[in-house]
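Each chain is listed here by its residues.
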2 protein chains.
Amino acid sequence: MMFIDQLKFDANGLIPAIIQEHKTGRVLMMAWMNRASLQTTISTGKTHFWSRSRQKFWMKGESSGHTQTVKDIAFDCDGDTLLIQVEQVGAACHEGYQSCFFRSLQNSGAAFKSTEPQLQTPEQIYGKM
Amino acid sequence: MMFIDQLKFDANGLIPAIIQEHKTGRVLMMAWMNRASLQTTISTGKTHFWSRSRQKFWMKGESSGHTQTVKDIAFDCDGDTLLIQVEQVGAACHEGYQSCFFRSLQNSGAAFKSTEPQLQTPEQIYGKM
């Protein structure tokens, strides 16, 4: 059976993909794929997603150059989530952090803190908007 | 500002939570939380979720004993995904694997393979169903 037939896409035809840095185990981001973006990810070896807000197919790094080269694609017991190991060029987060998960809860949720440095500003990555 | 006010719950009042083993960096599972299950996770230090299929609040490990003790709760740049570091008792997956992501794609998606051993059978975890 094909791998893709094991998967359950949601009512919008989407499946969440957790992106993990192969080398460090750092979880970099979570984004959504449809069947076409997953197939393109497999065939090109670069991550492609579906943007729910922009209703648009996109390759990670197409604007920033911060592409992701796929090392492994795993899927969970329910077939409704992907876990993709990548080699990340530059910062994964569009806000210039290595990981999108750069803030953590403190004091039982009363506050939060940044847990990693900003490597670049969005202006440095994308130019003036 | 409270941490929880930074978050965007979806149209069903849910937010996906990626669960990562603190000690090893292994991504164990992804499940959904509503505001109440997140607040209970924070106040008790044990992960609680919302089951979309059963429409039910549940504590991870309530049947299996395989609970998760929270070490850190991070959230992403868009505020629409959580990344929670835990100490996992036993196998995280209800199928008896350490991680729910125990299968990976092979041969460009033509096949898949198991990437870790099954530690227990579901019958051993939950008894006869």
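For the structure, check the block above.
Reading the values: rules and limits
- Residues numbered from 1 in each chain as written.
- Chains lettered and ligands numbered in written order.
- Predicted model: local features only at pLDDT ≥ 70, side-chain atom pairs only at ≥ 80, totals over all residues.
- Heavy atoms only, no water.
- Salt bridge = Lys/Arg side-chain N within 4 Å of Asp/Glu carboxyl O.
- Helix = DSSP H or I, 4+ residues; strand = E, 2+ residues; numbered from the N terminus.
- Buried < 20%, exposed > 50% of the residue type's maximum accessible area, 1.4 Å probe, protein only.
- Contact = heavy atoms within 4.5 Å.
- Buried area = accessible area lost by both parts, 1.4 Å probe.
- Nonpolar A, V, L, I, M, F, W, Y, C, P; charged D, E, K, R; others polar.
- Pairing = 2+ DSSP bridges.

A.B. asks: Explanation requested: the pattern of salt bridges in the structure shown.
C.D. replies: Two side chains that carry opposite charge are able to pair once their charged atoms sit near each other. Tallied over the full model, the rule gives 8 salt bridges over all chains. Across the pair Lys71(A) and Glu87(A) runs a salt bridge whose closest N-O atoms are separated by 3.4 Å. A residue pair is termed long-range when its members are at least 10 positions apart, and Lys71(A) in strand β5 (residues 68–75) and Glu87(A) in strand β6 (residues 82–88) qualify at 16 residues. Glu87(A) gets classed as partly exposed once you look at its relative accessible area, which sits at 44%. With a closest N to O distance of 2.5 Å, Arg26(B) and Glu116(B) form a salt bridge. With a gap of 90 residues between them, Arg26(B) in the loop between β1 (14–21) and β2 (27–34) and Glu116(B) in the loop between β8 (111–114) and α2 (122–126) connect regions that are remote in the sequence. For Arg26(B), a relative accessible area of 25% gives the class partly exposed. We classify Glu116(B) as buried; its relative accessible area is 15%.

A.B. asks: Please clarify how the interface of chain A and chain B should be interpreted in this entry.
C.D. replies: The parts lose accessible area when they come together, and the size of an interface is often stated as this lost area. At the interface, 39 residues of chain A touch 39 residues of chain B. If you sort the residues of chain A by the area they bury against chain B, Cys77(A), Phe101(A) and Arg103(A) come out on top, with a joint share of 20%. Our enumeration of links across chain A and chain B arrives at 2 salt bridges. Across the pair Arg52(A) and Asp80(B) runs a salt bridge, and its minimum N-O distance is 3.7 Å. Those elements that provide at least two residues to the side of chain A that touches chain B are β1 (15–21), β2 (27–33), β5, β6, β7 (103–106) and β8 (111–114) of chain A. In the side of chain A that touches chain B, the residues fall into 23 nonpolar, 8 polar and 8 charged. Relative to strand β5 (residues 68–75) of chain B, β7(A) runs antiparallel, the two sharing 2 bridges. Within β5(B), the position partnered with Ser104(A) by the bridge is Ala74(B).

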